[in-house]
Structures are given as C-alpha cells and as structure tokens.
Amino acid sequence: DGRVTGNWDITLGWHWKLWEEDGGLPATAIRQFVRIPTGHDSEGIDYEIRPIMTWTVSDSAHYTLSGYARSVNGDNFDRTTVNDDDDEVVEDGRHFRWGIITGFDYDLSDDFKLIWDYVYGTSITEGHRDNHSLEVGFDWHFAENQSFNFMTEVSLDGDDNDNASLGAKMSYVVEFGG
C-alpha cells in the first residue's frame, strides 16, 4: 500500500571528484548524502559518506570499489516482533551502518550505462547478521548537466533477515560546475 516508513523521503547528495584515473591509480571521488524525513512516518536526518575508486576495464566498462558509513537518526528502523513465546520484542535500529560495494558499469552509448553492484552491509537492526544484495540498474544522461538513475536491489540472502527482499531507488541529478 506504499505506507512504509520513509517512503518518499528526500535525499540530497553531492559528488566531489578528487582526481582522474592515472596509470594504475584509480579515479577517486567522495559522495555524501543527507536524507531529509519527508516520507511516511519518517523522522531524523541521516548522513552518509561514500569514498569511491573506479578503474577503466575497457573503452566501455569500468570496475568500481566503494564503501559507505551512514549515521541513521530517529527511530525509523526500530521494529516490534513477536518471539516464540508470543511476547512482543522491540528491536533497536542500528544507528551506525557501514558497508562495501563492488561492481561494474557498461556504457551502451555516451549517454546511457548499465550498472550492477554487489552490496555487503550491516544489518538494519541490532543483533541481526549482515546483509548481501545485488543492485542492477541504469544511468541515463538526457541533457548536458542532468541525468536520471534507476536501481533495483534484490536480497541474496534468501531468508527473512531484516533487509528488504526487493527495493527500488530513483534519482534525478543536476550537475553544477566543472
């Protein structure tokens, strides 16, 4: 029904390219995001920083390795479950999360690329094991300084751990400066 906590939150981000690829040294950048709680029952402002390294594999393919550290504020991810004795148990949301992302992108044209990433990340709630997922999507540059990005995320865990079994993300990006 779409009434999941955080649906329609707004995330603002910025990307800072530190240097271009040079010989064996990868292109390196830092991305930062701030999530603003505008969605259903959402609260707290979250912050994420993501260092990114990219190597050229061929004229059309690139390999990327990145990590992330995320500060999650508010009680968006606290949840109540029922244990085997039918007692309600409140599970605390993890307020610091981290993970590693590795994957490839492939340019189908100058303006359109396919993206696939493996994501390893800490659980959403305390006391659960870490999560493994696959992100697949595309990035379309439809104007000189604008692009649209769509990614879908599928759990690779095959169980009911605290990560979503299937999710989607959409981004509209406007680039400023050089």
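Data block above holds the structure.
Residues numbered from 1 in each chain as written. Predicted model: local features only at pLDDT ≥ 70, side-chain atom pairs only at ≥ 80, totals over all residues. Heavy atoms only, no water.

Peer 1: Whenever I open this one, the side chain of Asp-105 confuses me. Can you help?
Peer 2: Relative to the helices and strands, Asp-105 resides in strand 7 (residues 96-107). As a buried residue without a salt bridge, Asp-105 has its nearest oppositely charged side chain in Lys-113, at a separation of 4.1 Å. Residues contacting Asp-105, with those up to four places away along its chain left out, are Ser-60, Ala-61, His-62, Thr-64, Lys-113, Leu-114 and Ile-115. (Helix = DSSP H or I, 4+ residues; strand = E, 2+ residues; numbered from the N terminus. Buried < 20%, exposed > 50% of the residue type's maximum accessible area, 1.4 Å probe, protein only. Lys, Arg positive; Asp, Glu negative; His and termini not counted. Salt bridge = Lys/Arg side-chain N within 4 Å of Asp/Glu carboxyl O. Contact = heavy atoms within 4.5 Å.)

Peer 1: Looking at this structure, how should I read the pairing of strand 10 (residues 146-155)?
Peer 2: The side chains of a regular strand alternate between both faces of the sheet. Note: strand 9 (residues 131-143) against strand 10, ten bridges, orientation antiparallel. Bridging from a neighbouring strand, His-141 pairs with Ser-147 of strand 10. Linking two consecutive strands that pair antiparallel, namely strand 9 and strand 10, is a turn of two residues. Across nine bridges, strand 10 lies against strand 11 (residues 166-174) in antiparallel orientation. Across the sheet, residue Gln-146 finds its bridge partner in strand 11, namely Val-174. (Pairing = 2+ DSSP bridges.)

Peer 1: Looking at this structure, how should I read a negative patch on the surface?
Peer 2: A cluster of like negative charges, contributed by Asp-84, Asp-85, Asp-86, Asp-87 and Glu-88, occupies part of the molecular surface. Among the residues examined, Asp-85 registers a relative accessible area of 60% and is labelled exposed. (Patch = residues over 30% accessible without salt bridge, like charges linked within 9 Å, V, L, I, M, F, W, Y side chains within 5 Å. Areas by Shrake-Rupley, 256 points an atom, 1.4 Å probe, with all protein chains shown as cover. Charge placed at Lys NZ, Arg CZ, Asp CG, Glu CD.)

Peer 1: Looking at this structure, I do not really get the environment of Asp-46. What am I missing?
Peer 2: When you line up the elements, Asp-46 lands in strand 3 (residues 46-56). Spatially, the C-alpha atoms of Asp-46 and Val-72 are 4.8 Å apart, while their sequence positions differ by 26 residues. If sequence neighbours within four positions are ignored, Asp-46 has contacts with Phe-33, Val-34, Arg-35, Ser-71, Val-72 and Asn-73. Looking at Asp-46, its side chain comes within polar contact range of the side chain of Arg-35, at 2.7 Å. (Polar contact = N/O pair within 3.5 Å; in protein donor to acceptor, adjacent residues only side chain to side chain.)

Peer 1: Honestly, the side chain of Asp-139 in this entry has me stumped. Any pointers?
Peer 2: You can see Asp-139 is positioned in strand 9. Reaching out from Asp-139, the side chain makes a polar contact with the side chain of His-141 at a distance of 3.0 Å.

Peer 1: Whenever I open this one, the environment of Phe-142 confuses me. Can you help?
Peer 2: As for its placement among the helices and strands, Phe-142 is situated in strand 9. Here Phe-142 falls in the partly exposed class, since its relative accessible area comes to 37%. Through-space distance from the C-alpha of Phe-142 to that of Phe-112 is 8.5 Å; in sequence the pair is 30 residues apart. For Phe-142, the contacting residues outside a window of four places in its chain are Ser-147, Phe-148 and Tyr-172.

Peer 1: Mind showing me how you'd approach the packing of aromatic side chains here?
Peer 2: The way to describe two aromatic rings as a pair is by their centre distance and the angle between their planes. One pass over the full model with this rule turns up eight aromatic pairs. Between the aromatic rings of Tyr-63 and Phe-104, the centroid separation amounts to 5.3 Å while the plane-to-plane angle is 55°, which identifies the pairing as tilted. You can see Tyr-63 sitting in strand 4 (residues 61-71) and its partner Phe-104 sitting in strand 7, a full 41 residues away along the chain. A relative accessible area of 25% means that Tyr-63 is categorised as partly exposed. Residue classification places Phe-104 among the partly exposed positions, given a relative accessible area of 35%. Note on Phe-138 and Phe-148: the rings are 6.0 Å apart at their centroids and 45° apart in plane angle, and the pair reads as tilted. Residue Phe-138 is found in strand 9, and its partner Phe-148 is found in strand 10; the two are separated by ten residues along the sequence. A relative accessible area of 26% places Phe-148 in the partly exposed class. Three or more aromatic residues link up through ring pairs in this structure, and these residues are Phe-112, Phe-138, Phe-148 and Phe-150. (Phe/Tyr/Trp six-rings, centres within 6.5 Å; stacked < 30°, edge-to-face > 60°.)

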